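Here are the chains, one letter per residue:
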Amino acid sequence: MNTRHFDHAIRRWRDVVAGLPDPRTGNNCSYSMADIALSAFAVFFTQSPSFLSFQQSMQKAHGRNNARSLFQVERIPCDNHIRETLDSVEARELFGLFDDIYQAFDGTGLLKDMRAVQNTRLIALDGTWYFSSQKLHCQNCSCLRHADGTTTHYHSAITPIIVSPGCSQVVPLRPEFIQPQDGTTKQDCEINAGKRWLSAHAERYSSGNDTLLGDDLYAHQPFCRQVLLHGFHFLFTCKPSSHTHLSGWVEGLKVGRDLQVLKQRVKGRGNRWAYHQYRWANGVPLTESDQSMKVNWCELTITDGAGKVLYRNAYITDWNIDAQNVSGLVAAGRARWKIENENNNTLKTKGYHLEHNFGHGKQHLSSLLLTMNLLAFALHTLLEVSDKSYKLIRSAVGSRRKFFQHLEALTAYWFFENWDHLMDFMMRGQEVGPYAAQKS
């Protein structure tokens, strides 16, 4: 059993959150900032909105609780006190914890194993909403005005992750919030947030061979140039409808000379044959401007035996494309869906309740709580990689949502002295690991 990542994370995080800015004055400081922040994080880690109330009841009845034994919370504050105290704390105060998890992932060897085509590391960018309301709003909200005169106030962020075509895990990195910036009256946007993320974190996450993935929104000259200036490669989805000049240029190329084609027959779903056709061209203009940058373009079309198109997508990149790497580059480009499915969709629909209003506040509460949710997801993923007991239990239980339901029920009614005790209890119940031989 390997619990060192969980135990180390909680100890390290207690040290960090103990130093969070404390807005309280006078005699209203009976709970430490560490207890307040770790109490909030415990809710996200267990994905149990009632976790703290359960532990308060357990403490009252039995003089002990899982908030203390598992998360080092000495005294459990109420939900309202947590929200009020944390509202003034900026999310960036916790960003260093992403770096701790990143280093832990590196120590497991996962980051090395996730290298893709050209031995590059793939970092996917995508924006996602995490709060919306037509009533609640703050100075950091963006707004969407509707034709009927109503306005939706919302928060969104770029949530970058490291992905790989052959790896089910994703590694979350520091986010970038899409919100009004100081000194400007204009609404913020995903592209501007992406540029800020590059400026702030490109050096931090540079390994010497890194490729940014993104949807068609990113496949435009100013952003592509920013990527190259920061020493990264790019591989972005490129829709013909929004890149008409490039698409027209490609269709005018002569096959076999400037436009290359590779056809493959591949076993697809249901063990049926599918037909993959790759087309690519190097050095094509991204725009019709005389100052247009030259990019390399590739496309994959998948058809069935009857010629029906099952999939088609195109990409632009600064990587030179040839017959040896075109399939790998397309596979890398297609891995971008992991930020929508394995990351954002998982956070929204698989138990993390990303879009649930855990608390909006008047300043930074919404973004701070999102950050805690992302950190919980990152720690869960790290445990899947590094903790054999956790991995066995997750596999036996099945879905994330079901795992969280088990965790909620167990911690509500049983006391566990530590993480090892909890994992051992769950393995015994699932009859896995050291208890697998006891099955009848």
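Summary of the structure given here.

About the cut-offs
- Residue numbering note: each chain is counted from 1, following its sequence as written.
- Where totals are concerned, whole chains, interfaces and linings use all residues; where local detail is concerned, this predicted model gives features only for residues with pLDDT of at least 70, and gives and counts side-chain atom pairs only at 80 or more.
- Here the side-chain values reflect all heavy atoms present in the structure, with hydrogen atoms and water set aside.
- Per the convention used, a helix needs a DSSP run of H or I reaching at least four residues, while a strand needs a run of E reaching at least two, with both numbered from the N terminus.
- Within 6.5 Å between ring centres, the rings of Phe, Tyr and Trp (the latter by its six-membered ring) count as paired, and their orientation is classed by plane angle as stacked under 30 degrees, edge-to-face over 60, tilted in between.
- The buried label applies to any residue whose accessible area, calculated with a 1.4 Å probe on protein chains only, is under 20% of its type's maximum; exposed applies above 50%, and partly exposed to all values in between.
- Consider the ring centre and the ring normal. A charge sits over the ring if Lys NZ or Arg CZ is within 6 Å of that centre and within 35 degrees of that normal.
- Of all possible arcs, the one meant is that of the directions from the helix axis to the C-beta atoms.
- Pairs of N or O atoms within 3.5 Å make up the polar contacts considered here, provided that, within protein, one atom can donate a hydrogen while the other can accept it, and that residues adjacent in sequence are counted only when both atoms are side-chain atoms.
- The criterion used for residue contact is that any of the two residues' heavy atoms lie within 4.5 Å.

1. Quick look at the environment of Gln139
Position of Gln139 among the secondary structure elements: in the loop between strand S2 (127-133) and strand S3 (142-145). When the C-alpha atoms of Gln139 and Lys362 are compared, they prove to be 7.7 Å apart, with 223 residues separating the residues in sequence.

2. Things to note about the packing of aromatic side chains
A complete count under the given rule lists 23 aromatic pairs for this structure. An angle of 45 degrees between the planes, with centres 6.1 Å apart, marks the rings of Phe41 and Phe45 as tilted. With Phe41 and Phe45 both in helix H2 (residues 33-46) and four residues apart, this pair spans about one turn of that helix. Ring geometry for Tyr130 and Phe177: centres 6.2 Å apart, planes at 65 degrees, overall edge-to-face. Taken together, the residues span a long stretch of sequence, with Tyr130 in strand S2 and Phe177 in strand S7 (residues 176-178) at a distance of 47 residues. Phe177 shares its class with Tyr130; the two are buried. The structure contains a cluster of three or more aromatic residues connected by ring pairs, namely Phe6, Trp13, Phe41, Phe45, Phe51, Phe71, Tyr390, Phe403, Phe404 and Trp419. If you follow Arg334 out to its NZ or CZ, it ends over the ring of Tyr311, 4.0 Å from the centre.

3. Some thoughts on helix H14 (residues 388-397)
Counting along an α-helix, one turn takes 3.6 residues, and residues three or four places apart therefore face a common direction. Those residues of H14 that sit buried are Ser389, Tyr390, Ile393, Arg394 and Val397. Buried residues along H14 cover an arc of 130 degrees about the axis, so they all sit on one side. In H14, the exposed positions that point more than 90 degrees away from the buried face belong to Lys388, Lys391 and Ser395. The opening residue of H14, the one whose side-chain oxygen lies 3.0 Å from the backbone nitrogen of Ser389, is Asp387. Looking at the residues trailing H14, positive phi occurs at Gly398, about 105 degrees.

4. Overview of helix H5 (residues 79-86)
Within the span of H5, buried status applies to His81, Ile82, Thr85 and Leu86. The arc that holds every buried residue of H5, seen down its axis, measures 115 degrees, which confines them to one face. Buried residues along H5 sit against H2, helix H3 (51-62) and helix H13 (365-386).

5. Overview of the side chain of Glu384
You can see Glu384 is positioned in helix H13. Looking at Glu384, the relative accessible area reads 12%, which means it is buried. Side chain to side chain, Glu384 and Arg400 meet in a polar contact 3.4 Å long. In this structure Glu384 touches Gln169, Tyr390, Lys391, Arg394 and Arg400, once residues within four positions along its chain are discounted.

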